[in-house]
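Residue-level structural notes
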Amino acid sequence: MLSKNQRLRSYSAFVATYRQKRVVSDENIILYGGKNKEEQNYPTRVGFVVSKKIHKRAVKRNRIKRLLRESYANLLKSGEIPRSQGYTSLIFVAKDGALEKNYTQMCSSVKNLVALLATNYF
C-alpha cells in the first residue's frame, strides 16, 4: 500500500500534473507525468483515476484502482520502475479495456508506460 505522502490527493495537484502535457498511453491506461524533480528528497506522488464512463458501479471502478495501486506499489518495491521517481507526480487513468485485465496484465502495462514516459520526457 502506498503511504500518505506518496498519494496525490488535492485537486490542484491533479490539475498541475495534467497541465504538464506529458502523456503516454496503451489500450488499458493513460499515464500523465508531472515535472522533473530537482530534489530527490521527496517521493513521487501518484494518483489513480477511473471514470464513471468505464463502469457505473463503484465496486468495479474500485477494483481497477486497487489493481493499479497494487501493481505500481509492487513494481516500485521490487525496483523494476526506478525511473518513475524522477517525476514530482504521476496520474494513471483507466480506459475501457482495463476492466477485463488481470493483475499480471496490469503490471506489465504499468511497467511499459513508465518506461515509455521516461524515454520520451526525461
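Okay, so let's go over this structure. (Residues numbered from 1 in each chain as written. Predicted model: local features only at pLDDT ≥ 70, side-chain atom pairs only at ≥ 80, totals over all residues. Heavy atoms only, no water.)

**Re the sheet that holds strand E1 (residues 22–25)**
In any sheet, the strands associate via hydrogen bonds between backbone groups, in a parallel or an antiparallel arrangement. Across the sheet, which stays open at both edges, the four strands sit in the order E1-E2-E4-E3 with mixed pairing between neighbours. Each of the sheet's edge strands pairs with one partner strand only, and the pair in question is E1 and strand E3 (45–49). Looking at each pair of strands side by side, their axes are set apart by 20 degrees on average, direction ignored. Of the strands in this sheet, strand E2 (29–33), E3 and strand E4 (89–94) touch helix H1 (residues 11–19), which is tilted by about 85 degrees from E4. Helix-sheet contacts for helix H2 (residues 58–78) involve E2, E3 and E4, and the interaxial angle to E3 is about 155 degrees. (Pairing = 2+ DSSP bridges. Helix = DSSP H or I, 4+ residues; strand = E, 2+ residues; numbered from the N terminus. Axes fitted to C-alpha atoms, helices over the stretch in contact; angles between N-to-C directions. Contact = heavy atoms within 4.5 Å.)

**Examining the side chain of Arg22**
Its location among the elements puts Arg22 in strand E1. Although buried, Arg22 forms no salt bridge, and the nearest oppositely charged side chain, Glu38, lies 8.5 Å from it. When near neighbours in sequence (up to four residues on either side) are disregarded, Arg22 contacts Leu31, Tyr32, Gly33, Gly34, Lys35, Asn36, Tyr87, Leu117 and Tyr121. (Buried < 20%, exposed > 50% of the residue type's maximum accessible area, 1.4 Å probe, protein only. Lys, Arg positive; Asp, Glu negative; His and termini not counted. Salt bridge = Lys/Arg side-chain N within 4 Å of Asp/Glu carboxyl O.)

**Looking at the nonpolar core**
Counting 26 residues, the largest nonpolar core has Leu31, Ile64, Leu68, Tyr72, Phe92 and Val110 as the members making the most contacts within it. Listed by contribution, the elements that provide at least two residues to this core are E2, E3, H2, E4 and helix H3 (103–121). Setting aside anything within four residues of it in sequence, one finds Leu68 in contact with Ile29, Phe48, Phe92, Met106 and Val110. Counting residues in hydrophobic clusters, the runner-up holds six residues, among them Leu8, Ala13, Tyr32 and Val93. (Core = buried A, V, L, I, M, F, W, Y, C linked by side-chain atoms within 4.5 Å.)

**Things to note about H1**
Listed as buried for H1 are Ala13, Phe14 and Thr17. Buried residues of H1 fall within an arc of 100 degrees about the axis and therefore sit on the same side. In H1, the exposed residues that point more than 90 degrees away from the buried face are Tyr11, Ser12 and Arg19. In this structure, the buried side of H1 is in contact with E2, E3 and E4. In the segment just after H1, Lys21 is the residue with positive phi, at about 60 degrees. (Arc of directions from axis to C-beta.)

**What about the pattern of salt bridges?**
Following the criterion strictly, the structure yields one salt bridge and no others. Put simply, Glu80 and Lys111 hold a salt bridge, and the shortest N to O gap is 2.8 Å. In this pair, Glu80 is assigned in the loop between H2 and E4 and Lys111 in helix H3, connecting sequence segments 31 residues apart. According to the relative accessible area criterion, Glu80 is partly exposed, its value standing at 40%.

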